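Coordinate inspection notes
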Amino acid sequence: MIDVVQQINAVQRRVGSRVIEAGQARTVIISQVYPAPVEDVWDACTSPARIPRWFLPVSGELRLGGRYQLEGNASGTIERCDPPKSFAATWEFGGETSWIEVQLTPEPGGRTRLQIEHLALADAERWAEFGPGAVGIGWDMALLGLAGHLSAAAPVSPAEGAAWAASGEGRQFMALSSDRWRDASISAHTEPADAQAAADRTLAAYTGAPGADDGPGQ
């Protein structure tokens with residue numbers, strides 16, 4: 001049984017902006033502390049044998065300069081790798097390119113903080129329509145999967161994960177995630193009405209509500 005509220009509360013979320021080589025970017029930052037050492041969390045995030053146990057099947061070359069493909073989702077190039085501390089990659093999805101930066105930091109008691117920063121160009125149409133929840137809800141679900149994996153829970157197949165996402169519990173999780181990303185957007189000085197409208201569109205897209213055929217995806 002998943003404690004949906006506990007998992008939502010275990011995650012920190014921030015929205016901001018920074019200048020990158022490609023221009024001004026919006027940033028979505030999500031992090032969680034896991035009861036596992038850095039080396040184990042790093043292996044879970046970079047091993048082609050372990051990634052499908054909590055995220056998605058992956059193919060390609062998981063090395064510096066290598067190309068990867070997440071089944072039914074993004075592809076990209078690994079641009080930086082500093083094991084077991086961090087890696088960075090392009091995130092190519094839906095005809096748009098954004099970037100992810102993953103950082104692992106030791107915490108007291110042999111725990112590890114995993115932080116994922118997802119950067120998209122400030123003028124990206126997907127951001128304007130859906131806001132930070134467009135990728136934020138997907139990353140919330142990924143961190144939930146990793147929590148289950150690191151707790152030695154039985155692996156969840158993509159079919160089982162899709163069934164859970166369509167369940168009442170899965171919809172509750174996505175609704176709570178959408179609310180938290182709306183709040184993070186407002187904290188980053190988005191007008192509350194605009195943040196709420198974007199959150200509503202995003203949640204409708206993730207839950208398959210009518211009129212949401214062109215959803216944001218991960």
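Residues numbered from 1 in each chain as written. Predicted model: local features only at pLDDT ≥ 70, side-chain atom pairs only at ≥ 80, totals over all residues. Heavy atoms only, no water.

1. Quick word on helix α8 (residues 192-207)
Two residues of an α-helix separated by three or four positions point the same way, owing to the 3.6 residues in each turn. How we decide: We count a stretch as a helix when DSSP gives it H or I for four or more residues in a row; a strand needs E for two or more, and each element gets its number in order from the N terminus. An expected span of 1.5 Å times one less than the residue number is assigned to each helix. Each residue's exposure class comes from its accessible area (1.4 Å probe, protein chains only) as a fraction of the maximum for that residue type: buried when under 20%, exposed when over 50%, partly exposed otherwise. Any two residues whose heavy atoms approach within 4.5 Å are treated as being in contact.
Spanning 16 residues, α8 covers 22 Å between terminal C-alpha atoms, matching the ideal 22 Å at 1.5 Å per step. Every buried residue of α8 is accounted for by A195, A198, A199, T202, A204, A205 and T207. Where α8 is buried, its residues touch α4 (125-130), α5 (133-150) and α7 (168-187).

2. A few points about the layout of surface pockets
Stated precisely, the cut-off is as follows: Grid spacing is 1 Å over the protein atoms alone, the probe is 1.4 Å, and a cavity is where that probe fits but cannot get out, while a pocket is an open set with protein on both sides within 12 Å along at least five of seven lines and lining residues have an atom within 4 Å of a point. Grid points are joined across faces, edges and corners, and a volume is the space filled by probe spheres set on the points.
Roughly 380 Å³ of volume is contained in the second largest pocket. When contributions to the lining of the second largest pocket are tallied by element, the ones reaching two or more residues are α2 (38-46), α3 (51-54), β4 (67-70), β5 (75-82), β6 (86-93), β7 (96-107), β8 (111-121) and α5.

3. A word on α5
Here α5 is 18 residues long and its end C-alpha atoms lie 25 Å apart, about the 26 Å a rise of 1.5 Å per residue gives. Among the 18 residues that make up α5, 15 are buried, leaving the element largely enclosed by the rest of the structure. Count one or two residues on from α5 and you reach A152, which has phi positive near 70°.

4. Regarding the packing of aromatic side chains
To be explicit about the condition: Aromatic pairing here means that ring centres of Phe, Tyr or Trp (its six-membered ring) are within 6.5 Å. Orientation follows from the plane angle: under 30 degrees is stacked, over 60 is edge-to-face, and everything else is tilted.
Summed over all chains, the structure comprises five aromatic pairs. An angle of 75° between the planes, with centres 5.8 Å apart, marks the rings of W42 and F87 as edge-to-face. With W42 in helix α2 and F87 in strand β6, the pair connects residues that are 45 residues apart, well separated along the chain. Between W91 and W139, the ring centres sit 5.1 Å apart and the planes meet at 55°, which makes this aromatic pair tilted. With W91 in strand β6 and W139 in helix α5, the pair connects residues that are 48 residues apart, well separated along the chain. The pair formed by W91 and W139 is uniform in burial state, with each residue classed as buried.

5. Considering the pattern of salt bridges
Going by this rule: Here, a salt bridge means any Lys or Arg side-chain nitrogen found within 4 Å of an Asp or Glu carboxyl oxygen.
Across all of its chains, the model carries ten salt bridges by this definition. Ionic pairing is found between D183 and R182, a salt bridge with its closest N-O pair at 2.9 Å. Residue D183 is classed as partly exposed on the basis of its relative accessible area of 34%.

6. Description of the pairing of β4
Here is the rule we go by: Only strands that DSSP links by at least two bridges are regarded as paired with each other.
Only one face of β4 is covered, namely the face carrying Y68 and L70; the face carrying R67 and Q69 is uncovered. Two elements, strand β3 (residues 58-60) and β4, share three bridges in a ladder whose sense is antiparallel. Residue pairing across strands places G60 opposite Y68, the latter belonging to β4. Where β3 folds back on β4, the antiparallel hairpin that results is connected by six residues, among which G65 adopts a positive phi of roughly 85°. The antiparallel pairing of β4 with β5 creates a hairpin that spans four residues between the two strands, and G72 there sits at a positive phi of about 70°.

7. Some thoughts on empty space enclosed by the protein
To be explicit about the condition: Amino acid classes used here: Ala, Val, Leu, Ile, Met, Phe, Trp, Tyr, Cys and Pro are nonpolar; Asp, Glu, Lys and Arg are charged; the rest, including Gly, are polar.
This model, assessed by the stated rule, comprises one cavity of 30 Å³ or more. The space that makes up the largest cavity amounts to roughly 50 Å³. Elements that contribute at least two residues to the lining of the largest cavity include exactly α7 and α8. Its residues placed into classes, the lining of the largest cavity shows six nonpolar, five polar and one charged.

8. Quick notes on the sheet that holds strand β2 (residues 23-34)
Under the convention used in this document: Geometry is summarised by axes, namely lines fitted to C-alpha atoms with helices restricted to the contacting stretch, and by angles between N-to-C directions that run from 0 to 180 degrees.
Read across the open sheet, the eight strands follow the order β1-β2-β8-β7-β6-β5-β4-β3; overall the sheet is antiparallel. Of all the strands in the sheet, the pair left with one neighbour each is β1 (12-20) and β3. The sheet shows a mean angle of 25° between the axes of neighbouring strands, taken without regard to direction. Pairing geometry for β4 and β5, over three bridges, is antiparallel.

9. Thoughts on the packing of α7 against α8
The condition that has to hold: Should an angle fall under 35 degrees it is called roughly parallel, over 145 degrees roughly antiparallel, and 65 to 115 degrees roughly perpendicular, with every other angle called oblique. The hand of a helix crossing depends on one turn: near helix anticlockwise from the far one by less than a right angle means left-handed, and clockwise means right-handed.
Between α7 and α8, the shortest axis-to-axis distance is 9 Å and the interhelical angle comes to 155°. It follows from the interaxial angle that α7 and α8 lie roughly antiparallel. Judged by the sense of rotation from one axis to the other, the crossing of α7 with α8 is right-handed. Where α7 abuts α8, its residues R171, M174, A175, S178, R182, S185 and I186 lie against P192, A195, Q196, A199, L203, Y206 and T207. The residue makeup of the contact of α7 with α8, split by class, is eight nonpolar, four polar and two charged.

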